Amino acid sequence: MTDLLRAEGITKTYRAGNRKIPVLRGVDLRVLEGEILALVGSSGAGKSTLLHILGLLDRPDEGVVRYRDVPVSRLSAARKARVRHREIGFVFQFYHLIPELDALQNVCLGAMMLTSVAGWLGMRRRVKDRARELLGRMGLGDRLRNRPAQLSGGERQRVAIARALIADPSVILADEPTGNLDSRTSEEILDLIWRINEEDGVSFLLVTHDAQVASRADRCLRLADGVIEDGTGRPAGESARGAPGAIPGGGKEA
Amino acid sequence: MYTWYLGFKYLLKRPINLLGLFGVLFSVWALVTVMSVFQGFIVEVRAQVRGAASDLALVGNRMDRSYAEVEALLRDDPEVEAMAPRISWFGLLYVRGGRRRPQYAGETTKGIRGTDFYRVLGIDPGSEGRVSAFPSWLDRVPAGRLRSADPKAPFDVPRNRLPPKLRSEFGWSPPGLLMGLDRARYERVYRTGRPIVLASGRQVRDGRDMRVIPIKRDFVLSGTFDSGHYEFDNNTVLVDIEEMRSLFGQDLEDEGSLDVFNEIAIKVRDPRKAAATAARLNTRLRKAGISGTVKTWEQRRARFLQAVRHEHGMMKIVLFVIVLVASVLIYATLSMMVSEKTKDIGILAALGATRRGIASIFLACGTATAAAGAVLGALAGWLSCVHIDDINAWLRENTGRELFPRNIFGLDSIPYVLDPWWFAQVLLFALGSAFLFSLLPALRASRHDPVEALRHE
Ligand SMILES: Nc1ncnc2c1ncn2[C@@H]1O[C@H](COP(=O)(O)OP(=O)(O)OP(=O)(O)O)[C@@H](O)[C@H]1O
Ligand SMILES: [Mg+2]
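What this report covers is the structure whose coordinates are included nearby. (Residues numbered from 1 in each chain as written. Chains lettered and ligands numbered in written order. Predicted model: local features only at pLDDT ≥ 70, side-chain atom pairs only at ≥ 80, totals over all residues. Heavy atoms only, no water.)

**A look at a nonpolar patch on the surface**
Residue and element names in this part refer to chain B.
Here is step 1 of the chain: The grouping of Leu376, Leu379, Trp382, Leu383, Val386, Tyr416 and Leu418 at the surface amounts to a nonpolar patch, some 580 Å² of accessible area in total.
Here is step 2 of the chain: Residue placement: Val386 occurs in helix H13 (residues 355-386).
Here is step 3 of the chain: According to the relative accessible area criterion, Val386 is partly exposed, its value standing at 37%. (Patch = residues over 30% accessible without salt bridge, like charges linked within 9 Å, V, L, I, M, F, W, Y side chains within 5 Å. Areas by Shrake-Rupley, 256 points an atom, 1.4 Å probe, with all protein chains shown as cover. Salt bridge = Lys/Arg side-chain N within 4 Å of Asp/Glu carboxyl O. Helix = DSSP H or I, 4+ residues; strand = E, 2+ residues; numbered from the N terminus. Buried < 20%, exposed > 50% of the residue type's maximum accessible area, 1.4 Å probe, protein only.)

Have a look at this one:
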């Protein structure tokens, strides 16, 4: 397997007044094609910050994010948006669906970002069918016309996952996707994620507080004190599925 | 695509946006209707003024020259088609007899009723018809006791129409006087032959002093006229110019009397060249040392036309400001929406929206609101112009009030001008201002940090 996403020497410092808060101090990390990578760390460690930088929503102070060896973090804003749309999906803890749109529309929205009005008219059918199919796979085949307010947390998260999938990304960045759900629903969502990973070959970067989830992942990294350390207790280079090794703490070999 | 899609979804799902829509709708409606009707009035009033006025007029002559002499001088000009002399003066009219309408205490003596101050215009019935539509002014008379005056001899009253006291033995009858139709109605002088006394005065030079000589002359009503220009009709009475001349001491019967005038109405061949013709005639007059100036009808009514135009301009500004206010409504609702939608902004950024795309959503929202409002408003304006008379009639019947004082202008229906260019201007303005006012919240939206928006629930 090859690198899909690679972060090299990412630093990020926030300023509160004239006090500097260094959140990331040189993070190296890579996401391989087709793997599920777990990222753990205490609250406030900077996991979300890192995820936003990897997803090109935020810019690092230093360092570079490469996507298939292209230094995408240095592209123009418009091209970054393009990469974000084409290659990267987001799933958030709080679902973040558009409340005015129903499930189907929320999913379709994910496919609209780059088309013109005319282009959309041409592909509308196809996109809608695909959205229906995705929602069907998420087990929401009969809730297409429900708005987020009419859906439970688990159902909303399924819609969010379908939305992340509609543009056929190669990696999905999920920030505590089960953080707001009870254990049973969490289990269902996680099963779904593993199934998608298996069936579609989409990589996942999974931020989680759940040790069980972390151990289930192919690899697990810990973010602490602004750098990555191998936090699984498992030796570096070994993973649940026997994928090639994680980068050891603060890994310099990337 | 998502910009339009979301823009419209937001619009449809958020009734608060109707506020801006209705704001624009009503302001555009008002703008279109009021200005169309106003324009109609202007066109109508201009036509009225124009109809009662000759192309050019020599005004301000000191009544010291013979008309024949001046006419000969001006007739040479190739543009001059016809001329008619006039004497324009002012005076009070008293009506003898008739129903009395007391206006204030001590106003009347027995059987005599004072009326208002009038412009007394002496005309030459023979030549007047060549410079204005004078003969046709005499056509419209109300059924009843008023006789329509004979265009050939408008100031003659048949003997049998005169009150018995005035039927003299020698075939002499008092000179006739034509009053505006509406005014005659208002003054309740309903009968041909009604005696009317004109009282006025004139100044004469007496050595080094100026002396005022009182003028009093008996007339009888010989008919009414209706030029269509309500102001002219209401303030003017027409008499024979020879009567005026005799009032000014130039009696036709006297030896050496002069056919004086103080105005000459001039008809030109090409009204478009009126201004140039006027200038040419003026130089000619100055060379001959004749007092007075030739003016076009627009110059003569400049103040009036300017006042109307001024009012029109002010009204326009006021109404455009109302459209601006409607845009501010859009601005307010959009600003609110941007604040509420910060999370959506983060989501869209995560889905791959650019800043420009995010700004466009709100721009689309604001402009679509304005566009819908403006189009509906223009439509409403158009409809209410077309049906303005029905609306007016309905208002009169149900509320007793009228939208527009139709009667003052003597109009059968409320005039309006539907000018497509004007509609386009209003639509563009409404859209443009809404666009500009939407730009601010839209830019604010695009500057939101998506990360900040996504961090919290
Ligand atoms: N705009 C900001 N200004 C100042 N400090 C910030 C800003 N955004 C984040 N931080 C700080 O950066 C640190 C990392 O935040 P982040 O949300 O990435 O943590 P996290 O690992 O995702 O935590 P959690 O597990 O609670 O989600 C926190 O201490 C936070 O207070
Ligand atoms: Mg977080």
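**With respect to the sheet that holds strand E6 (residues 88-91) of chain A**
Residues and elements named next belong to chain A.
Here is step 1 of the chain: Taking strand neighbours across the sheet as the criterion, the 6 strands line up as E6-E7-E8-E3-E9-E10 in an open arrangement whose pairing is mixed. On the outer flanks of this sheet lie E6 and strand E10 (227-229), each paired with one strand and no other. This sheet shows a mean twist of 25 degrees between the axes of neighbouring strands, independent of strand direction.
Here is step 2 of the chain: Where strand E3 (residues 36-40) meets strand E8 (residues 203-207), 4 bridges bridge the pair, whose relative direction is parallel. Considered in E8, the bridge of Ile36 is made with Phe204.
Here is step 3 of the chain: In this fold helix H2 (residues 77-87) packs onto E6 and strand E7 (171-175), with an angle of close to 75 degrees to the strand it touches most, E6. (Pairing = 2+ DSSP bridges. Axes fitted to C-alpha atoms, helices over the stretch in contact; angles between N-to-C directions. Contact = heavy atoms within 4.5 Å.)

**Thoughts on the site of ligand 1**
Here is step 1 of the chain: Residues in contact with ligand 1 amount to 14 residues; listed here are only the nearest, A:Ser43, A:Lys47, A:Ser48, A:Thr49 and B:Arg455.
Here is step 2 of the chain: Mapping the residues near ligand 1 onto chains gives chains A and B.
Here is step 3 of the chain: A distance of 2.8 Å is found between an oxygen atom of ligand 1 and a side-chain nitrogen or oxygen belonging to A:Lys47.
Here is step 4 of the chain: A distance of 2.5 Å separates an oxygen atom of ligand 1 from a polar atom in the side chain of A:Thr49.
Here is step 5 of the chain: In the complex, 69% of the free accessible area of ligand 1, which totals 640 Å², lies under the protein chains.
Here is step 6 of the chain: Breaking the shell around ligand 1 down by element, the ones donating at least two residues are helix H1 (47-54) of chain A together with helix H16 (450-455) of chain B.
Here is step 7 of the chain: Residues that form the shell around ligand 1 fall into these classes: 3 nonpolar, 7 polar and 4 charged. (Near = heavy atom within 4 Å. Polar contact = N/O pair within 3.5 Å; in protein donor to acceptor, adjacent residues only side chain to side chain. Nonpolar A, V, L, I, M, F, W, Y, C, P; charged D, E, K, R; others polar.)

**Some words on H2(A)**
Here is step 1 of the chain: Within H2(A) the residues assigned to the buried category are A:Lys80, A:Ala81, A:Val83, A:Arg84 and A:His85.
Here is step 2 of the chain: At its buried positions, H2(A) is contacted by E6 and helix H3 (103-112) of chain A together with helix H12 (342-351) of chain B.

**Quick look at the sheet that holds strand E4 (residues 62-67) of chain A**
Residues and elements named next belong to chain A.
Here is step 1 of the chain: In space, the 4 strands of this open sheet follow the order E2-E1-E4-E5, with antiparallel pairing throughout. Either end of the sheet is taken by a strand with one partner, and the two such strands are strand E2 (19-32) and strand E5 (70-71).
Here is step 2 of the chain: Note: strand E1 (residues 3-16) against E4, 5 bridges, orientation antiparallel. Counted as the bridge partner of Ala7 is Val65 from E4.
Here is step 3 of the chain: Those strands touched by H1 are E1, E2 and E4, and its axis lies near 60 degrees from that of E2.

**Focus: the interface of chain A and chain B**
Here is step 1 of the chain: In this assembly, 29 residues from chain A lie in contact with 26 residues from chain B.
Here is step 2 of the chain: With both sides pooled, the region where chain A packs onto chain B buries about 2,500 Å², and carbon together with sulfur makes up 68% of that total.
Here is step 3 of the chain: Broken down residue by residue, the surface that chain A buries against chain B is led by A:His96, A:Glu100 and A:Met113, which jointly contribute 26%.
Here is step 4 of the chain: For the pair chain A and chain B, the number of links is 1 salt bridge.
Here is step 5 of the chain: A:Glu100 is paired through a salt bridge with B:Lys341; the nearest N and O atoms lie 2.5 Å apart.
Here is step 6 of the chain: When residues of the side of chain A that touches chain B are traced back to their parent elements, those giving at least two are H1, H2, H3 and helix H4 (117-137) of chain A.
Here is step 7 of the chain: Residue classes in the side of chain A that touches chain B are distributed as 16 nonpolar, 9 polar and 4 charged. (Buried area = accessible area lost by both parts, 1.4 Å probe.)

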